[in-house]
Amino acid sequence: MEDGDTGKAIGMASNSAEDLEMDYLEDEEDVNRDEEDGNGEEDGDDVFTLTFHGEMNPLDLTEDDAFGVQPYQKFERLEYEALAAKKRKQLNDCPLDGSAKKARQEDEFQRKVDELMGGMVMWKKSKAMKKKGRKRGSRNKLSPEVTKKLGEANIFYAKRQYEQAIPILKAVIMLAPNLSETYHTLGLVYEEIGDKRKAMNFYMLASHLAPKEHPSLWKRLVALSIEQGNTGMATYCLSKAIKADPEDLGLRFDRASLHVELGEYQKAAESYNQIVGLCPENVEARSMAAKMFNTCGQVEQSISILEDYIKERTSDPQWSLIDLLATILMENNEHFKALQQIEHARSIYCSKEQLPLSLSVKAGICHVHLGNIGQAEKLFMILQMKHNGDTTGLIAAVGNTFMNLGHYDSALKYYFLLKEIDQNGDGFLHMKIARCYLSLKDRRQAIAFFNRSLGTKAMEGDVDARLTLASLLLEEENKEDEVIKLLSPPEDFASTTDTSSMPLKPWWNNAKVKMQLARIYHSRGMLEDFVEAILPSVRETLFTESLNQKVRSKKRLSKSVLSERVKLLDNHHTDDVFRGFRPLAAPSELLKAFRAKKSLQKKAALKEERKAAVIAAGLDWHSDDSDEESRQQALREPPLPKLLKDDEHYQLILDLCKALASLQRYWEALEIINHSLKLADSAFPLEKKQELRSLGAQVAYNTTDPTSGYDCARFIVQQHPRSFAAWNCYYKVISRLENRLAKHVKFLHNMRCTHTDCVPPMIIFGHQLTNISQHQAAAREYLEAYKIMPDSSLINLCVGTALINLALGFRLQNKHQCLAQGFAFLFSNLRLSDSSQEALYNVGRACQHVGLVTLAVSYYEKVLEMRQKDYPLPKLPNEDSSIQETKKSGYCDLRREAAYNLHLIYKKSGSLDLARQVLKDHCTL
């Protein structure tokens, strides 16, 4: 690290060795105090003094630096450095065996530390080089100029002319930077004009520069820090105030309370424990210490603090501590020990007075857990005799205990005692009564109390209770409408457009509620309501899972890793013969190093832009020095967390897509199918994914652009290359494409090469060539298929039509032979089809095409004499057979087509009356 970067590394700017020093001082009073009291708590006897000299401007310490480091953090750093220097000096003064080698190591370490710090902080010489204590007459005397200016400033301050006092006081600071009174006065001035932040910073300097600790000033800093919400500074100042006034227990309570507020329960427990050590009779501190240790999981320590106090007291019992001890033991399932403590307290303290009611109830609860129900009921008798508003908590605890242990009848007895106290009852109480009745299989009473509970404001958002009630109602007959109303949003929220009064997370948006409501709609055939109920949640879940998948797959390198890689480029030799040469490393490592350097530069530039934007907005810049690169973007919680994880949710997706297809909302169905297949690679088994793809292919055929469903059809063919149904599905999608799809051509060629004896790709490839009028290549593909399946009527038809189209071209020399071969295949198709109407029509159409109109007329007349019945359209794999396509009757009959072609022949030959008669007989309604 270069010298110019040292200030950034430790978070302090422009503090050089000649400007600022903070040293550990130890005068004779400190030595005597150490000998009498020993080492104080948390380095409480370490005394640091701050000294300015040189050209440094002390006012710089009253401002946050460019990296957001506050003044108190700078002082923490300086104190840490001074204490570290003291420790190293002590080790050097008292070397162990092998001290010469260790001393050299310490000197080398000190030299490296000094290089690292860039000469920023100058430490004083060893304590052994100077006398302890302050020299007589060494107190600095103020110059006349400083004394005069201080007097003027104090006059302005007394006259409340603060704007005139500030520049004078700052000038005094530049003349006498180590005079604490000046900083104190400036702090008072800024506090009077309302600038609390600057006042705190000047108070801080005044406290550090004061020759002796001033508890009142540190206490004022504590109050200001808490008022400004600066908890870090408040903690620092509290520690300083406690060192200055160790006897003030209020300060220690404030520090412990602050730790509790910040969630630092371990530190709070230790702080309260210190108060107990100083004042063992302080019941509040002992109680809070026990609670904090219990919160931190240190149960034994918590119990020990309370037991030590209780064992030492044989009179004047502190029932609150005994109650707390019993509570902690019961929370940790130590009911026998808790009962022992209560009985011990009864035997010692209750000869003249009665055991408190709360302890009697806790003893009864312990008996319940231990199986002594009869003994417990005796202790609970007083609750049944005197139940009022003061005993509701105890009655509820007894009822909850019976309910948790499965004694529902007993639980109901005490819950109804609570109901007598509060005639209306709250939602929580009704919920507990309902669950007790549900466990006792009394569904009628359970439904009644669930309804009462959900009717209250407090419990209307309880999703589990609402779903439980819905399940109970579904078990009853003809209750589906009531369940739909129960699970649907309230009417007032459905009709209003004001969302400000709506809850942050309404219960009707819960995934379980929507799932249950969707099932009911689907079972009743209400497809539109089913789609509207569940589609938004499914779509949002798939979108959220896509984002989460990207976050999981995206690798982020930490800043430390990037910096380590960049060192490879910075490792230039400046003092040997290798100077100027590129570092030796593999090309891949150098590439990583260059990329890391670029990434760090980009990060630094982005940080500077953010800093400039914040400062331009007039806000305070607080830099986050944590490694942002190592923090992954938080994963979002989807509305339906288990959508891609189990069979139930898979069926939901399938039902939703089928419903969308039935409602002709094809694009939405394809969107759900494609997203589900992308995300469910390992979630769904193969047969279920195949079912989704088949449905996607079916839906794609009905869209205006089936390109989005092509992947589904292709995958089905890849899984079943020998299946004619799979190829039919594939070709049904491909036939809808207006333009040739590049990946279709590539895929078809690959299938032709991989499966050389597979007929469907040959036929499809032949069809594609026929569409672009490449009849010779098409005939070649059809003949390859004919070699494998010579008895297929479809293949014979395809070969015949290709040869006839080829014969009508201009480049073929043996046209008559090719034409005869084509008709031979058509007659073979006629034979294989048992002279069906379709085969006769094809022969007639071929004769018409080549100009043999006489033969064409005879075949068309045969077609007109036949009546073809309708056949059901073939279904795709896994296609829902219940969905029937609407077709007019006669869609398989070719008489109308034959009549139209026949009329064209008559018309062209001049027989207009015959042509008109054919149309009238066969082509009019």
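Predicted, not measured: the structure shown is a model, and the values here were computed from it.

Calculation notes
Residues numbered from 1 in each chain as written. Predicted model: local features only at pLDDT ≥ 70, side-chain atom pairs only at ≥ 80, totals over all residues. Heavy atoms only, no water. Helix = DSSP H or I, 4+ residues; strand = E, 2+ residues; numbered from the N terminus. Buried < 20%, exposed > 50% of the residue type's maximum accessible area, 1.4 Å probe, protein only. Contact = heavy atoms within 4.5 Å. Areas by Shrake-Rupley, 256 points an atom, 1.4 Å probe, with all protein chains shown as cover. Salt bridge = Lys/Arg side-chain N within 4 Å of Asp/Glu carboxyl O. UniProt positions renumbered as here; feature names shortened; annotations may be inferred. Expected span 1.5 Å × (residues − 1). Axes fitted to C-alpha atoms, helices over the stretch in contact; angles between N-to-C directions. Parallel < 35°, antiparallel > 145°, perpendicular 65-115°, else oblique. Left-handed = near helix turned anticlockwise from the far one by under 90°. Core = buried A, V, L, I, M, F, W, Y, C linked by side-chain atoms within 4.5 Å. Nonpolar A, V, L, I, M, F, W, Y, C, P; charged D, E, K, R; others polar. Phe/Tyr/Trp six-rings, centres within 6.5 Å; stacked < 30°, edge-to-face > 60°. Lys NZ or Arg CZ within 6 Å of the ring centre and 35° of its normal. Polar contact = N/O pair within 3.5 Å; in protein donor to acceptor, adjacent residues only side chain to side chain. pLDDT = per-residue confidence, 0-100.

Caption draft 1: Representation of the overall build of the protein within the structure. What the protein contains, in helices and strands, is 43 helices and 2 strands. For the protein, with 925 residues in total, the buried portion stands at 41%. Counting contacts in the protein only where the partners sit at least 6 residues apart, residues at least 24 apart contribute 59% of the total. Accessible surface computed for the protein: about 52700 Å², of which carbon and sulfur atoms make up 51%.

Caption draft 2: Quick look at the pattern of salt bridges. Summed over all chains, the structure comprises 22 salt bridges. The partner of Lys479 in a salt bridge is Glu482, with the nearest N and O atoms 3.7 Å apart. A single network of salt bridges, built from pairs that share partners, joins Glu532, Arg539, Arg665, Glu668 and Glu671.

Caption draft 3: Expanded view of the UniProt feature "repeat: TPR" (unreviewed entry) in the protein. Those residues carrying the UniProt feature "repeat: TPR" (unreviewed entry) are residues 180-213 and 249-282 in this numbering. Taken end to end, residues 249-282 has its terminal C-alpha atoms 10 Å apart, with 79% of it in helix and 0% in strand.

Caption draft 4: Spatial organisation of unusual backbone geometry. Backbone geometry places Lys441, a non-glycine residue, at a positive phi of 60 degrees. On the accessibility criterion, Lys441 (72% relative accessible area) is exposed. At Ser773, a residue that is not glycine, the phi angle is positive and equals roughly 65 degrees. Summarising the element assignment, Ser773 is placed in the loop between helix H36 (759-771) and helix H37 (775-788). Residue classification places Ser773 among the exposed positions, given a relative accessible area of 52%.

Caption draft 5: Structural context of helix H30 (residues 647-662). Over its 16 residues, H30 extends 22 Å from the first C-alpha to the last, a length consistent with the 22 Å expected when each residue adds 1.5 Å. Just downstream of H30 lies Gln664, where phi reads positive at about 60 degrees.

Caption draft 6: How the structure looks around the packing of helix H5 (residues 144-158) against helix H6 (residues 162-175). It is the contact of H5 with H6, at a shortest axis distance of 8 Å, that shows an interaxial angle of 155 degrees. As the angle between them shows, H5 and H6 are arranged roughly antiparallel. The two elements H5 and H6 meet at a crossing, and its hand is left-handed. Contact residues: H5 offers Glu145, Val146, Lys149, Leu150, Glu152, Ala153, Phe156 and Tyr157, while H6 offers Tyr162, Gln164, Ala165, Ile168, Leu169, Val172 and Leu175.

Caption draft 7: How the structure looks around the nonpolar core. Ranked by internal contacts, the top residues of the largest apolar core, which has 125 residues, are Phe380, Phe530, Ile534, Val538 and Tyr730. Contact partners of Val538, with chain neighbours within four places excluded, come to Leu640, Leu643, Leu652, Leu656 and Ile672. Of all hydrophobic cores here, the second largest spans 38 residues; its members include Val172, Ala199, Leu217 and Tyr236.

Caption draft 8: Region of the structure containing the packing of helix H15 (residues 319-331) against helix H17 (residues 357-370). Here H15 crosses H17 at 20 degrees, and the two axes come no closer than 10 Å. With respect to each other, H15 and H17 are oriented roughly parallel. Crossing of H15 over H17 shows left-handed handedness. Across from Trp319, Ile322, Asp323, Ala326, Thr327 and Met330 in H15, the residues of H17 making contact are Ser358, Leu359, Lys362, Ile365 and Cys366. Here the residues of the contact of H15 with H17 sort into 7 nonpolar, 2 polar and 2 charged.

Caption draft 9: Spatial organisation of H17. Here H17 spans 20 Å end to end across 14 residues, near enough to the 20 Å set by a 1.5 Å rise per residue. Of all 14 residues making up H17, 10 are buried, and the element is well covered by its neighbours. Looking at the buried residues of H17, the elements they touch are H15, helix H16 (335-349), helix H18 (373-385) and helix H19 (392-404). Positive phi appears at Gly371, one or two residues downstream of H17, with a value of about 90 degrees.

Caption draft 10: How the structure looks around the packing of aromatic side chains. What the rule picks out here adds up to 15 aromatic pairs. The structure contains a cluster of three or more aromatic residues connected by ring pairs, namely Tyr183, Tyr190 and Phe202. The cationic tip of Lys862 hangs over the ring face of Tyr859; the distance from NZ or CZ to the ring centre is 5.0 Å.

Caption draft 11: View of the environment of Leu359. Along the chain, Leu359 turns up in helix H17. For Leu359, a relative accessible area of 0% corresponds to the buried category. Residues Leu359 and Leu394 lie 35 residues apart in sequence; the distance between their C-alpha atoms is 10.0 Å. Beyond its immediate stretch of four places on either side in the chain, Leu359 contacts Trp319, Ile322, Asp323, Ala326 and Ile342.

Caption draft 12: The arrangement of the environment of Gln868 in detail. Here Gln868 lies in the loop between helix H41 (853-864) and helix H42 (895-909). Once the C-alpha coordinates of Gln868 and Leu894 are considered, the two residues, 26 residues apart in sequence, prove to be 7.7 Å apart. With residues up to four places along the chain from it excluded, the contact list for Gln868 reads Gln837, Cys892 and Asp893.

Caption draft 13: How the structure looks around the environment of Leu590. Positionally, Leu590 belongs in helix H29 (residues 587-616). The sequence separation of Leu590 and Arg565 amounts to 25 residues, and the corresponding C-alpha distance is 8.6 Å.

Caption draft 14: Up close: the side chain of His903. Position of His903 relative to the elements: it lies in helix H42. In this structure the side chain of His903 is engaged in a polar contact, spanning 2.7 Å, whose partner is the backbone oxygen of Tyr900.

Caption draft 15: Representation of the confidence of the model for the protein within the structure. Per-chain confidence: the protein averages 76 in pLDDT, with 75% of residues scoring 70 or above. Overall, residues 1-45 carries pLDDT values under 50, and its contacts beyond four positions in sequence, including any with other chains, amount to 109 contacts. Here residues 625-633 scores under 50 on pLDDT; set against residues more than four positions off or in separate chains, the count is 20 contacts.

Caption draft 16: Layout of the side chain of Ser287. Note that Ser287 resides in helix H13 (residues 283-295). A residue is classified by how much of its surface remains accessible, and Ser287, at 15% relative accessible area, is buried. Dropping the residues within four chain positions of it, Ser287 is found in contact with Leu321 and Leu324.

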